[in-house]
Amino acid sequence: MAKVKKKVKVIKIDTDKCNGCRSCEVICSAFHASDKYSIVNPARARIRLVREPLNDVYLPVYAGEYTGAECMGRDKYTVDGKEYEECAFCRASCPSRDVFKEPDSGLPLKCDMCEEDPPLDEPLCVKWCLSDALTYEEREEEVEEEEVLEEMDTGLKSLVDKYGLDNLVDSMARMLKKD
Ligand code: SF4
Ligand code: SF4
């Protein structure tokens, strides 16, 4: 199988610089509103703050993959003497908790790195984080073509799960007509 280039997007998180302002949640939810910037609701954001001011805990966490079943146990981290709540670092949209779910429909939310056409210079949560707790990097990696195809399969499957195959096919047909 041939090697292909893959762009890897990374948001680096410096928890020491996060002050818990929640601007990242605000802009993410506004950007992803169905009429862009029409609504601000952090519950719809794809980044959420674990925020415990009394314990000086401010931890931005990005929404990752959906999971249909919760873990058999729980993780509890202590870092630099700070104890984090159970599941604090977990990125999953999981049945055991309310974060990373669309509040009205319950559908899972996942960070899409603010994919736009034309592309943005950097994700909006990074741009709006005035404390520089979030920084953005891009790099290229050489991977097997098979890996890229597998990623496409996974992405398509999640769209089918979310919207149904018929709706997806209709949507692609509309896109092809526009081109
Ligand atoms: S990168 Fe974009 S989609 Fe992801 S959390 Fe930040 S603002 Fe939201
Ligand atoms: S915008 Fe930056 S400083 Fe504010 S809560 Fe988000 S990560 Fe923390």
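Relevant structure appears above.
The paragraphs below set out a description of the structure included in this document. (Residues numbered from 1 in each chain as written. Chains lettered and ligands numbered in written order. Predicted model: local features only at pLDDT ≥ 70, side-chain atom pairs only at ≥ 80, totals over all residues.)

**Digging into the overall build of the chain**
Line of reasoning, step 1. Within the chain one finds 4 helices and 6 strands.
Line of reasoning, step 2. Helices (α) and strands (β) of the chain occur, in sequence order from the N terminus, as β-α-β-β-β-β-α-β-α-α.
Line of reasoning, step 3. Dimensions of the chain, computed from C-alpha atoms along their principal axes, come out at roughly 55 × 40 × 35 Å.
Line of reasoning, step 4. Counting the 179 residues in the chain, one finds 18% classified as buried.
Line of reasoning, step 5. Counting contacts in the chain only where the partners sit at least 6 residues apart, residues at least 24 apart contribute 62% of the total. (Helix = DSSP H or I, 4+ residues; strand = E, 2+ residues; numbered from the N terminus. Buried ≥ 20, exposed ≤ 12 C-beta atoms within 10 Å, placed from the backbone. Contact = placed C-beta atoms within 7 Å.)

**So, the nonpolar core**
Line of reasoning, step 1. By size, the foremost hydrophobic cluster in this structure holds 20 residues, and its most contacted members are C24, C28, I47, C125, C129 and L134.
Line of reasoning, step 2. At the level of secondary structure, the elements contributing two or more residues to this core comprise α1 (23-31), β3 (57-62) and α2 (124-128).
Line of reasoning, step 3. Not counting residues within four places of it along the chain, the set of residues in contact with C129 comprises S23, C24 and L134. (Core = buried A, V, L, I, M, F, W, Y, C linked by C-beta atoms within 7 Å.)

**As for the site of ligand 1**
Line of reasoning, step 1. Around ligand 1, a shell composed of C28, F31, R46, I47, Y62, C111, D112, M113, C114, P123, L124 and C125 is seen.
Line of reasoning, step 2. Within the residue set of the shell around ligand 1, elements represented by two or more residues are α1 and α2.
Line of reasoning, step 3. Broken down by class, the residue content of the shell around ligand 1 amounts to 10 nonpolar, no polar and 2 charged. (Near = placed C-beta within 6 Å. Nonpolar A, V, L, I, M, F, W, Y, C, P; charged D, E, K, R; others polar.)

**Quick notes on the site of ligand 2**
Line of reasoning, step 1. Residues in contact with ligand 2 amount to 15 residues; listed here are only the nearest, C18, C21, S23, C24 and C129.
Line of reasoning, step 2. Of all the secondary-structure elements, those providing two or more residues to the shell around ligand 2 are α1 and β3.
Line of reasoning, step 3. Split into classes, the residues belonging to the shell around ligand 2 amount to 10 nonpolar, 4 polar and 1 charged.

**A look at the pairing of strand β1 (residues 3-13)**
Line of reasoning, step 1. When you tally the buried positions in β1, you get 0 out of 11 residues, a small fraction of the element.
Line of reasoning, step 2. The sheet contact formed by β1 and strand β6 (residues 134-144) spans 11 bridges and is antiparallel. Counterpart to K9 in the pairing with β6 is E138. (Pairing = 2+ DSSP bridges.)

**A short note on α1**
Line of reasoning, step 1. Taken as a whole, α1 has its buried residues at C24, E25, I27, C28 and S29.
Line of reasoning, step 2. Of the surrounding elements, those touching the buried residues of α1 are β2 (47-52), β3, α2 and β6.

**Some words on unusual backbone geometry**
Line of reasoning, step 1. Cis geometry marks the peptide bond from D117 to P118; its omega dihedral reads 0°.
Line of reasoning, step 2. With respect to the helices and strands, the residue P118 is situated in the loop between β5 (82-83) and α2.
Line of reasoning, step 3. For R22, which is not glycine, the phi torsion reads 70° and is therefore positive.
Line of reasoning, step 4. Note on placement: R22 falls in the loop between β1 and α1.
Line of reasoning, step 5. Accessibility expressed as a C-beta count within 10 Å gives 17 for R22, which makes it partly exposed.
Line of reasoning, step 6. A positive phi is found at Y37, a non-glycine position, where the angle reads about 65°.
Line of reasoning, step 7. By the secondary structure assignment, Y37 is in the loop between α1 and β2.
Line of reasoning, step 8. Judged by the 11 C-beta atoms lying within 10 Å of it, Y37 falls in the exposed class.

**Focus: the pairing of β3**
Within a regular strand, side chains alternate between the sheet's two faces.
Line of reasoning, step 1. Looking at chain direction, β2 and β3 are connected through 6 bridges and run antiparallel. Counted as the bridge partner of E52 is V57 from β3.
Line of reasoning, step 2. What sits between the antiparallel neighbours β2 and β3 is a turn of 4 residues, in which D56 has the positive phi angle 55°.

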